[in-house]
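# Summary of structural features
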Amino acid sequence: MRPSWRMRTACGRRAGDTLFDSRLALGNFPSTFEIKRVGSNSVEAFEKLKLLSRATLAFIFKEGVIVAADSRASMGGYISSQSVKKIIEINPYMLGTMAGGAADCQFWHRNLGIKCRLHELANKRRISVTGASKLLSNILYSYRGMGLSVGTMIAGWDEKGPGLYYVDSEGGRLKGTRFSVGSGSPYAYGVLDNGYRFDMTVEEAAELARRAIYHATFRDGASGGVASVYYVGPDGWKKMSGDDVGELHYKYYPVVPTPIEQEMVDAPAA
Amino acid sequence: MECVFGLVGDGFALVAADSSAVNSILVHKSNEDKIMILDSHKLLGASGEAGDRVQFTEYIQKNVHLYEFRNGIPLSTAAAANFTRGELAQALRKSPYSVNILLAGYDKDIGPSLYYIDYIATLHKVDKGAFGYGSFFSLSMMDRHYHSGMSLKEAVDLVDKCIVEIRTRLVVSPPNFVIKIVDKDGAKEYAWRETIKDAEEPTA
C-alpha cells in the first residue's frame, strides 16, 4: 500500500536523498529492490563510461596549487560537448575538478560548497581543505555501490597552506602533492612527473599543467576542447588561461616545411 | 597487490605494509600509510578497498579512544581485536567491509601479541601473519626463519628478506614499504623501505 511504502522510504532516507525524492514525486513507486537494480545498472553503464572522458590534473608547488582540465564530454564515440566546465569553484579559495559522471560531480560539489559555507557560519572560520575533502568523502562513501561516479580533486589554500586531496566515489581519499584523474591521466602523469619541480614560478607551473593537458588530449580520444588552468594562492583561486588544444598543438609543434621527396607528375599527354 | 605482514618478537610486535595507493593501472601515491596507530600501544595494519580501509580503521580507532575516555583505562589488545572482529561480523551479512587487518599490541601483563582478522571476520591470535599477494612469499619466508623471541634486529632482517622476496617475485610489486613496531614504550614508526621517493609534501 502506498502510505506504508512511503513510510518505509521515509525511515530509510538519509540527508541528501534528493534523488529518490524526485522519483517519488513522479508517481511511479519503484520498490527498494528496483532502486538497487537501477543503481547497479548505472554502475555497469558508468564502469564503461567512467574513465572515458576526462583529463584533469592538480599539483602543489612552492607558490600554491595549480589545477588544470580539458573540456570535452563524450558519450561512447560521440563528442557531446567541447566546452564543459570541469573545474568547479566551490568557494573563493577552493576548487574541485570533475571526472566521471558530470551530473554527480556538479551536484555533489555544489552540495559541498553549501556545507562549507554552513561550516563557516557555524564556526566563524573557513573550513580547511582536509575538512572539506573529508565531508565529501564521507558522503560519497555512504552512497557506495549505488552507482555514483565521481573522481575529483579538492584543491585549496587554508591556514596550513596549500592542500590537495583526491576523492572518489569508491570512498577513497588520498592526500598528495600531484594527482591526475581521468582517461587521459596516464598521458598527463608522464609529462607532469617529468617536468615537475617544487620550486617553480607560477608561470612555469601553469605552462607545465597546460602542456600535460595538451599531451593527454593529443593521445586520448575522449579528452580535448579547451585546456583550462587555474592557480590557487593565498588570496584564493585565479583562472590563468584557457587555450584550445588544437591551437596549442601548432604552437608547440609548428608546421615545418619539408622538402617533397617524390612528386607526382601528370603523365605527358600522348 | 597490497601486502601486509607482521610478527611477534621478544617484547615487541612488528607490522609491515606496502604504501602504494593504486587505481587499476595507475599508481596515485607511493607513500600512503596503511598502518594506523590505534592508541599508545596498538597498531592496526589494514589492506583492502580504498574507502573501506580508511573508514573502517578510523571507526575502530575512534571507538577505542571513546572506551578509554569513558572508562579511564585503555582497551587490552585482545579486547580491541575482538571488538574489531565483532564489527566486521555485524556488517558481514549486510554491507561487508572488505578490509584485512593485522592488529598488533603490547599489554603490560601479557606482552606483545598479534591478531589476524580477515574480511569475513575470522579472528586468530598468531605469532606471524600476512595478507595479500605478498603473503605467498612472506609466509614461507617467515615460516622458515621465524623463531619465538626474535630480537628487533633479527625481526627487521626477516622483514627485509620478505620485502626483497616480494620485490623479486611479485609481478606488480609495490615499490615502498613502511615498518612500524609496538613495544613497552609504545607504538611508533620504525622505518620506510623505499625504492621510489615521492615528492615530499610541503610543510607550511
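Here, the structure is the one placed above.
Per-chain numbering applies: the sequence of each chain, read as written, is numbered from 1 onward. Key to labels: chains lettered from A, ligands numbered from 1, both in the order written. Given that the model is predicted, a residue must reach a pLDDT of at least 70 before its local features are reported, and side-chain atom pairs must reach 80 or more before they are shown or counted; all residues, however, enter totals for whole chains, interfaces and linings. Only hydrogens and water are removed before side-chain values are computed, so all heavy atoms of the structure are retained for them.

On to the overall build of chain A, then. In terms of regular secondary structure, chain A is built from 8 helices and 12 strands. Relative accessible area decides the class of each residue, using a 1.4 Å probe on protein chains only: under 20% of the type maximum gives buried, over 50% gives exposed, and in between gives partly exposed. Across the 270 residues of chain A, 47% fall into the buried class. What counts as a helix is a DSSP run of H or I of at least four residues, what counts as a strand is a run of E of at least two, and both are numbered from the N terminus.

The subject of this paragraph is the overall build of chain B. Within chain B, the regular secondary structure consists of 4 helices and 12 strands. Taken over the C-alpha atoms alone, chain B extends approximately 45 × 40 × 40 Å along its principal axes. Contacts: residue pairs with any heavy atoms within 4.5 Å of one another. Considering only contacts in chain B between residues 6 or more positions apart, those separated by 24 or more positions represent 59%. Under the convention used here, a 1.4 Å probe and the Shrake-Rupley method define accessible areas, while residue burial counts only the protein chains that appear. With an accessible surface of roughly 9,600 Å², chain B has 52% of that area assigned to carbon and sulfur atoms.

Residues and elements named next belong to chain B. A cluster of nonpolar side chains, Met1, Tyr133, Phe136, Val171 and Val172, forms an exposed patch at the surface whose accessible area comes to about 580 Å². With respect to the element layout, Tyr133 can be found in the loop between β10 (128–131) and α3 (135–145). Look at Tyr133 and you get partly exposed, because its relative accessible area is 45%. Only residues above 30% relative accessible area that lack a salt bridge enter a patch, with like-charged residues linked at up to 9 Å and the nonpolar side chains Val, Leu, Ile, Met, Phe, Trp and Tyr linked at up to 5 Å. Each reported salt bridge corresponds to a side-chain nitrogen of Lys or Arg within 4 Å of a carboxyl oxygen of Asp or Glu.

Moving on: the interface of chain A and chain B. The partner chain B presents 20 residues to the 24 residues of chain A that form the contact. The term buried area means the drop in 1.4 Å probe accessible area that two parts suffer when joined, counted for both and summed. In total, chain A and chain B occlude about 1,700 Å² of area from one another, counting both sides; carbon and sulfur atoms represent 54% of this. Inspection of the chain A/chain B interface yields 3 salt bridges. For the salt bridge of B:Glu58 with A:Lys134, the shortest nitrogen-to-oxygen distance reads 2.6 Å. Within 3.5 Å is the distance limit for a polar contact, defined as a pair of N or O atoms, with the added protein rule that one can donate a hydrogen and the other accept it, and that residues adjacent in sequence qualify only through two side-chain atoms. If you look at where chain A meets chain B, you find 8 residue pairs in polar contact (both at pLDDT 80 or more).

What follows covers the sheet that holds strand β2 (residues 12–18) of chain B. Residue and element names in this part refer to chain B. When DSSP finds at least two bridges between two strands, those strands are taken to pair. Pairing within the open sheet is antiparallel, and its 5 strands lie in the order β10-β1-β2-β11-β12. The sheet is open, and its two borders are formed by β10 and β12 (186–193), each paired with just one other strand. Strand-to-strand twist in this sheet, taken as the mean axis angle between neighbours without regard to direction, amounts to 15°. Relative to β2, strand β1 (residues 4–8) runs antiparallel, the two sharing 5 bridges. Bridge pairing in β2 places Phe5 opposite Ala16. Each axis is a line fitted through C-alpha atoms, and for a helix only the stretch in contact is used; angles between axes span 0 to 180 degrees, taken between their N-to-C directions. The strands touched by helix α4 (residues 152–169) within the sheet are β1, β2, β11 (177–183) and β12, with β1 carrying the most contacts at an inclination of about 155°.

Here we come to the pattern of salt bridges. If the charged atoms of two oppositely charged side chains come close together, the side chains can form a pair. Residue and element names in this part refer to chain A. One pass over the structure, following the stated rule, counts 24 salt bridges over all chains. The partner of Lys86 in a salt bridge is Asp70, and the shortest N-O contact between them spans 2.8 Å. Pair noted here: Lys86 is in the loop between β4 (78–81) and β5 (87–91) and Asp70 is in the loop between β2 (64–69) and β3 (73–75), with a separation of 16 residues, a long-range link. Just as Lys86 is buried, Asp70 falls in that class too. The closest approach of N and O atoms between Arg197 and Asp199, which form a salt bridge, is 3.6 Å. Note on Arg197: relative accessible area 39%, which makes it partly exposed. Looking at Asp199, the relative accessible area reads 46%, which means it is partly exposed.

On to the sheet that holds strand β6 (residues 94–97) of chain A, then. Residue and element names in this part refer to chain A. Ordered by their spatial adjacency, 5 strands build an open sheet running β5-β6-β7-β8-β9, and the pairing between neighbours is antiparallel. Sheet topology places β5 and β9 (173–175) at the edges, where each strand pairs with a single neighbour. With strand direction ignored, the average angle separating the axes of adjacent strands in the sheet is 20°. Strands in contact with helix α4 (residues 102–123) are β5, β6 and β7 (151–158); relative to β5, the strand with the most contacts, it is inclined by about 15°. Contacts between helix α5 (residues 129–142) and the sheet are confined to β6, β7, β8 (161–168) and β9, with β8 contributing the most and set at about 5° to the helix.

With that out of the way, let us pick up the packing of aromatic side chains. All names here are of chain A. Ring geometry is summarised as follows: Phe, Tyr and Trp rings, the Trp one being its six-membered ring, pair when their centres sit within 6.5 Å, and such pairs are stacked at plane angles under 30 degrees, edge-to-face over 60 and tilted between the two. For the structure shown, the criterion picks out 12 aromatic pairs over all chains. Here Trp108 and Tyr143 contribute two aromatic rings whose centre-to-centre distance is 5.3 Å and whose plane-to-plane angle is 50°, an arrangement assigned as tilted. Pair noted here: Trp108 is in helix α4 and Tyr143 is in the loop between α5 and β7, with a separation of 35 residues, a long-range link. Here Trp108 falls in the buried class, since its relative accessible area comes to 5%. Ring geometry for Tyr214 versus Phe218: centroids 6.0 Å apart, planes at 35°, classification tilted. Within this pair, Tyr214 and its partner Phe218 are both found in helix α7 (residues 202–219), separated by 4 residues, close to a single helical turn. Looking at Tyr214, the relative accessible area reads 2%, which means it is buried. Taken together, the aromatic side chains of Phe59, Phe61, Tyr196 and Tyr231 make up a single cluster linked through ring pairs. Here, over-ring charges are defined by two tests on the NZ atom of lysine or the CZ atom of arginine: distance to the ring centre within 6 Å, and angle to the ring normal within 35 degrees. Its end group placed over the ring of Tyr196, Arg178 keeps NZ or CZ at 4.7 Å from the ring centre. Lying across the ring of Tyr252, Arg211 places its NZ or CZ 3.9 Å from the centre.

All names here are of chain B. Both strand β8 (residues 111–117) and strand β9 (residues 123–126) contribute to a ladder of 4 bridges, which runs antiparallel. Considered in β9, the bridge of Tyr116 is made with His124. Between β8 and β9, which pair antiparallel one after the other, the connecting turn spans 5 residues, and Ala121 there sits at a positive phi close to 65°.

Attention shifts here to the side chain of B:Thr84. Looking at the secondary structure, you find B:Thr84 in helix α2 (residues 77–92). Note on B:Thr84: relative accessible area 0%, which makes it buried.

Purely geometric stuff here, so don't read any function into it on its own.
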